[in-house]
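# Breakdown of the fold
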Amino acid sequence: MELDFERCYRAVDSRDQRFDGWFYTGVTSTGIYCRPSCPAMTPKRRNVRFFPSAAAAQGAGLRACRRCHPDAAPGSPQWDVRADVVGRAMRLIADGVVDRDGVPGLAARLGYTERHLHRMLRAELGAGPLALARAQRAQTARILIETTGLGMAEVAFAAGFGSVRQFNDTVREVYATAPSELRDARGRAPVAGGPGTIALRLAYRPPLHASALLDFLALRALPGVEEVRDGTYRRGLRLPHGGAEVALTPVAGHVAATLRLADMRDLAPAVARCRRLLDLDADPAAVDGTLAADPALAPLVAAEPGIRVPRAVDGFEMLVRAIVGQQVSVTSARTTLSHLLPRTPAPMSVDQEVHVAEPAPPGHKPLDQRGEPGWGTGGVGRGFPTAEEVLGIADGGFRMPVGRRETIRAAARAVVDGELDLDPGGDREETVRRLLAVPGIGAWTAGYVAMRALGDPDVQLHTDLAVRRGAAALGLPDAPLTLDAYAERWRPWRSYAVIRLWRAA
């Protein structure tokens, strides 16, 4: 990826945090790399190099700055919204696919050879998939070292390293210090809440309209799965190695996250999914700049800057929500889904589960997850049922028309059979095409899933009744075809315009 030196240097000189995650600043005279907003003295031009990824900076022999923690910067909005192979690969790497399935598994998910995938990532990011995954493992290790009381061997395997030696060498190379010294320097005790509980900050590019996010999620919250209370969103998660609970509280400058994991290996995917849920890697300046160019939307953007698109932690969950929500109100859809949930078995609670790796890496001890009782006081934690569980529900468990019930079952079978890829790394166009082939799924349902589950930033739901009402309230055309044509001026951020029209309605 080409980086314009002058533009990047101006961002560094002004300490512009909007560019955090877009690129990384390497300082050859000190041997460190920083985020653009690092508060340290601006380096001289002759000592500066710019990198498209932290992995590329590490590959050049630079270590992470201990002052600005560049590994904790928001992700690049390019990899968050791009639908090409590189964007899909970055989302899958963030979800831990390389750690779980290796580079062959990543390449197979994307439909490319390992060699070609490596070549594309090197061209765009200056590093291959192994180096990108290694950089993420280093960040996960640092979080575990600084926020838990786990032994170093446990940290190593929980972060995804193949051996303690590999863990020690990577931490020394990236942070220029031993893991034990990172823990000694943290200056705080492990997080309260029992084993498996981790607290961290999720960075974002300001502004963030937190109340709009919480209002949206609260209106659709399913009892037993999620809740919004006292400015905090809580929910249960289904992760690759077990269950989890998360509490997310937007505060000034970041989102405070408390994670309670049944298996520490799920830290990276849990963080990635929480970031996607709240759309924290978005570029609000670019979005708001485009939408504010429309006089009808300009007052809304000025009054409520930083509106995000609430996304999903589970693609299948979002598909079921979309099918149930066809032609009914949000309240009615939530009631129907609430009746469906008790028909599926609740997963083992993170308060009860004790994970034992099979086979266990050398030196690895099981993590006792019997945490402090009452952490999830709102009664969340079960997570949404899987496609397999939905297929096991009898007819009486579906309080909905027969046609809608069979649509859910057909979609669940497609997910189980591997015909539908609803993960963030899925091919958006192909997934929409396959969704439309499922009997009972039309353009609105496929578009809703593309917007919230697949993260497509440019979906226009022009037939949606609330969207049309919002358009009418703003004096815009509300006939579906006319509104669809008018929305062309909002490209490539029509999904964000949909959220604003919903709020206007």
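Residues numbered from 1 in each chain as written. Predicted model: local features only at pLDDT ≥ 70, side-chain atom pairs only at ≥ 80, totals over all residues. Heavy atoms only, no water.

## Brief notes about the overall build of the protein chain
Helix and strand counts for the protein chain stand at 23 helices and 11 strands. Here the C-alpha atoms of the protein chain give a radius of gyration of 23 Å, agreeing with the 23 Å that 2.2 N^0.38 yields for 505 residues. Scored against the burial criterion, the 505 residues of the protein chain give a buried share of 55%. Residue pairs at least 24 apart in sequence account for 70% of intrachain contacts in the protein chain once pairs closer than 6 positions are excluded. Taking the 64 positively charged and 57 negatively charged side chains of the protein chain as two groups, their mean positions are separated by 3 Å. (Helix = DSSP H or I, 4+ residues; strand = E, 2+ residues; numbered from the N terminus. Rg over C-alpha atoms; globule rule 2.2 N^0.38 Å. Buried < 20%, exposed > 50% of the residue type's maximum accessible area, 1.4 Å probe, protein only. Contact = heavy atoms within 4.5 Å. Lys, Arg positive; Asp, Glu negative; His and termini not counted. Charge placed at Lys NZ, Arg CZ, Asp CG, Glu CD.)

## Focus: empty space enclosed by the protein
For the coordinates displayed, the defined rule picks out one cavity of 30 Å³ or more. Estimates place the volume of the largest cavity at around 90 Å³. Along its surface, the largest cavity is lined by 15 residues, and Leu217, Glu226, Glu317, Arg321 and Arg452 are the ones closest to its centre. For the lining of the largest cavity, the secondary structure elements donating two or more residues are helix H11 (210-219), strand E7 (232-239) and helix H15 (315-324). Per-class residue counts for the lining of the largest cavity are seven nonpolar, no polar and eight charged. (1 Å grid on protein atoms, 1.4 Å probe; cavity = no way out; pocket = protein on both sides within 12 Å on 5 of 7 lines; lining within 4 Å. Points joined across faces, edges and corners; volume = space filled by probe spheres on them. Nonpolar A, V, L, I, M, F, W, Y, C, P; charged D, E, K, R; others polar.)

## As for the side chain of Ser37
Residue placement: Ser37 occurs in the loop between strand E2 (32-34) and strand E3 (48-51). Judged by relative accessible area, Ser37 falls into the buried class, the value being 18%. A distance of 2.7 Å separates the side chain of Ser37 from the side chain of Asp20, its partner in a polar contact. In this structure Ser37 touches Arg15, Asp16, Gln17 and Asp20, once residues within four positions along its chain are discounted. (Polar contact = N/O pair within 3.5 Å; in protein donor to acceptor, adjacent residues only side chain to side chain.)

## Focus on the packing of aromatic side chains
According to the stated counting rule, one finds 11 aromatic pairs in the structure shown. Through pairs of rings, three or more aromatic residues link up here, namely Phe5, Tyr9, Phe19, Phe23 and Phe50. (Phe/Tyr/Trp six-rings, centres within 6.5 Å; stacked < 30°, edge-to-face > 60°.)

## Focus: the sheet that holds strand E8 (residues 242-251)
The strand order across the open sheet formed by five strands is E5-E9-E8-E7-E6, and the pairing between neighbours is antiparallel. In this open sheet, the two strands that pair with only one neighbour each are strand E5 (197-203) and strand E6 (226-229). Taking each pair of neighbouring strands and ignoring which way they run, the sheet shows an average axis angle of 20°. As paired elements, E6 and E7 share four bridges and run antiparallel to each other. Across the sheet, the residue bridging to Val228 is Tyr233, located in E7. (Pairing = 2+ DSSP bridges. Axes fitted to C-alpha atoms, helices over the stretch in contact; angles between N-to-C directions.)

## Let's talk about the packing of helix H21 (residues 465-473) against helix H23 (residues 494-504)
Two numbers describe how H21 lies on H23: the axes approach to 7 Å, and their chain directions differ by 75°. Taken as axis vectors, H21 and H23 run roughly perpendicular relative to one another. Of H23, the residues touching H21 (which contributes Ala466, Val467, Gly470, Ala471 and Ala473) are Val498, Leu501, Trp502 and Ala504. Of the residues contributing to the contact of H21 with H23, the split by class is eight nonpolar, one polar and no charged. (Parallel < 35°, antiparallel > 145°, perpendicular 65-115°, else oblique.)

## Regarding the nonpolar core
Counting 114 residues, the largest nonpolar core has Leu202, Leu248, Leu259, Leu261, Leu319, Trp490 and Trp502 as its most contacted members. Among the nonpolar cores identified, the runner-up in size contains 22 residues, and Trp79, Val85, Val103 and Leu125 belong to it. (Core = buried A, V, L, I, M, F, W, Y, C linked by side-chain atoms within 4.5 Å.)

## Some details on the pattern of salt bridges
All told, the structure shown has 37 salt bridges when counted by the stated rule. Note that Glu226 and Arg321 form a salt bridge whose closest N and O atoms lie 2.4 Å from each other. Taken together, the residues span a long stretch of sequence, with Glu226 in strand E6 and Arg321 in helix H15 at a distance of 95 residues. You'll find Glu226 and Arg321 in the same group, each marked buried. One connected set of salt bridges, linked through shared partners, spans Asp80, Arg276, Asp279 and Arg311. (Salt bridge = Lys/Arg side-chain N within 4 Å of Asp/Glu carboxyl O.)

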